[in-house]
Each structure stands twice: as C-alpha cells, then as structure tokens.
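# Inside the fold
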Amino acid sequence: NAGVTQTPKFQVLKTGQSMTLQCAQDMNHEYMSWYRQDPGMGLRLIHYSVGAGITDQGEVPNGYNVSRSTTEDFPLRLLSAAPSQTSVYFCASSYGHQYQETQYFGPGTRLLVL
Amino acid sequence: TQLLEQSPQFLSIQEGENLTVYCNSSSVFSSLQWYRQEPGEGPVLLVTVVTGGEVKKLKRLTFQFGDARKDSSLHITAAQPGDTGLYLCAGLYGNKLVFGAGTILRVKS
C-alpha cells in the first residue's frame, strides 16, 4: 500500500491564482480530512469527509472547496489564493471517524502564495 | 482560542532528563490521541487513551488521561536525542478531530 499520497510537494502561487491540491489513499478509508499547519498554531481542520459524496466544514474552511466523488480521492481547491493561505497542508485518512481510529497522514504540500 | 491547550510550547533538555507535556481543555473528550511529527513529515500516532484515569506506557513514554476526560499528559523518562520532534495532542469533537498547537521537544546529547 502507498498509504496517503499528496501532490504536489511544493507549490508557489501568485495572489489570485487557483489550484487544486491532490490527496489519494489506497486503504479503502471512509474518513478523509484536510489540515493546514502554521507555526505555533498546530493543525487546523479545513474540511473533512465521512464518505464518498459527503463533505463538511472544519475550523478554517473559508477560501477552500472540497469534493469527494470517490472513496480514494479528496482534492482541496484554492479558489483565489491569498498570502494568508501560505502554509503546509496535510491530508489524512482513517477507516472511520470513531474515537479509536488512527489518522494516517500524507507527507504534506508546502504552499507559498506571493 | 484553541479547544486543546498544550504546554509548554517549547522544551529543550539534555539527554537523560525527564519531561512532561500537558494537554488541557475545558471540554470533555471521548478520547484523546498523541501524535509525534518529525520535520518534513506528517504526524504519526503514538497512542489513543479512552477511559478517564487511563494510563498507557510505550517504552519510555507514559500517557495519562484525566479522570474527567478533559486533560492528558505525556511523560518521557530518560529522554534521548531520537525523541526530538513536535508532539501533538488531538481530541474528537463531534465528527472533527481537533489538534493542540503542539510542543516542540529538543533533546541535546
């Protein structure tokens, strides 16, 4: 198993540009989520999905869109990039969303918005 | 304001010393998890504590869940340079897994 994969690893955008961060998992996990990590802030939940076709907002959803058309893929779209979205983005998945589930994280995408 | 407050934010100690990291909240959690993250990588789960008052040991690491299920601690005995990293606590809040800001641990040899 490849686990959770994320592409790209690095990206530089100009303010106003749009892009999609890709996330895929091959573990047949139902629960997937996106976090951003900023210094001193830990991981903050952007959006999550409890299964194909179902998504919901996390703590910091503004400026981001998601969709979940398949169990494997959970892309994160930045509609109009802003410097405040400079961050490291992590995708995670788990078998379910129950309290005992282990979250498996991808290696992260480092985004710089100029 | 974060749902989970971690302290200290940063800890720099010598090899062989003991340390404790705290994770506190005003909310009750059904469970708490501890993750460790190394630079350039995603977090990796260390342990999940479920029952109030529960203590779990993982080699030199001891995890405790408070009786009221609002707080947790991570104690490392005889720290080693390989323990260096970012330690994060996380709790399930409804369907959302929320994280504390983390404790950066540096163990010097």
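Quick summary incoming for the structure in this document. As the structure is a prediction and not an experimental result, all values here were calculated from the model. (Residues numbered from 1 in each chain as written. Chains lettered and ligands numbered in written order. Predicted model: local features only at pLDDT ≥ 70, side-chain atom pairs only at ≥ 80, totals over all residues. Heavy atoms only, no water.)

## So, the overall build of chain B
Heads up, the condition is: Only runs of H or I of at least four residues qualify as helices and only runs of E of at least two qualify as strands under DSSP, and these elements are numbered from the N terminus. The size measure is the radius of gyration over C-alpha atoms, and the globule rule it meets is 2.2 Å times the number of residues to the 0.38 power. Contact definition: two residues touch when any of their heavy atoms are within 4.5 Å. Note on areas: Shrake-Rupley, 1.4 Å probe, and residue coverage restricted to the protein chains presented here. Charge assignment in this entry is limited to Lys and Arg as positive and Asp and Glu as negative, and neither His nor the chain termini are counted. Lys charges are placed at NZ, Arg charges at CZ, Asp charges at CG and Glu charges at CD.
Scanning chain B from N- to C-terminus turns up zero helices and eleven strands. Starting at the N terminus and ending at the C terminus, chain B contains elements arranged as β-β-β-β-β-β-β-β-β-β-β. Whereas a compact globule of 109 residues would reach a radius of gyration of roughly 13 Å, chain B reaches 13 Å, a difference of no more than 12%. Dimensions of chain B along its principal axes, counting C-alpha atoms only, are 40 × 30 × 20 Å. Partitioning the contacts of chain B with sequence separation of at least 6, the portion at a separation of at least 24 is 54%. Split by element, the accessible area of chain B, about 5,200 Å² in all, is 48% carbon and sulfur. Where the 10 positive side-chain charges of chain B centre and where its 9 negative ones centre are 3 Å apart.

## Topic: the sheet that holds strand β1 (residues 5-7) of chain B
Backbone-to-backbone hydrogen bonds join strands into a sheet, with any given pair of strands oriented parallel or antiparallel. All names here are of chain B. Using the following cut-off: Being paired, for any two strands, means DSSP has found at least two bridges between them. Axis angles are defined between N-to-C directions and span 0 to 180 degrees, where every axis is a line fitted to C-alpha atoms and, for a helix, only to the segment in contact.
Read from one edge of the open sheet, five strands run β1-β3-β8-β7-β6, paired in antiparallel fashion. Lying at the two open borders of the sheet, with one neighbouring strand each, are β1 and β6 (55-58). Strand-to-strand, the axes of this sheet are offset by a mean angle of 15°, without reference to chain direction.

## Some thoughts on the sheet that holds strand β8 (residues 76-78) of chain A
Residues and elements named next belong to chain A. Across the sheet, four strands lie side by side as β1-β3-β8-β7; this open sheet has antiparallel pairing. With one partner strand each, in any of the chains shown, β1 (4-7) and β7 (64-66) form the two edges of the open sheet. Sheet twist, expressed as the average angle between the axes of neighbouring strands with direction ignored, equals 20°. Summarising the sheet, β1 and strand β3 (residues 19-25) pair through four bridges and their orientation is antiparallel. Along β3, the bridge assignment pairs Thr5 with Ala24.

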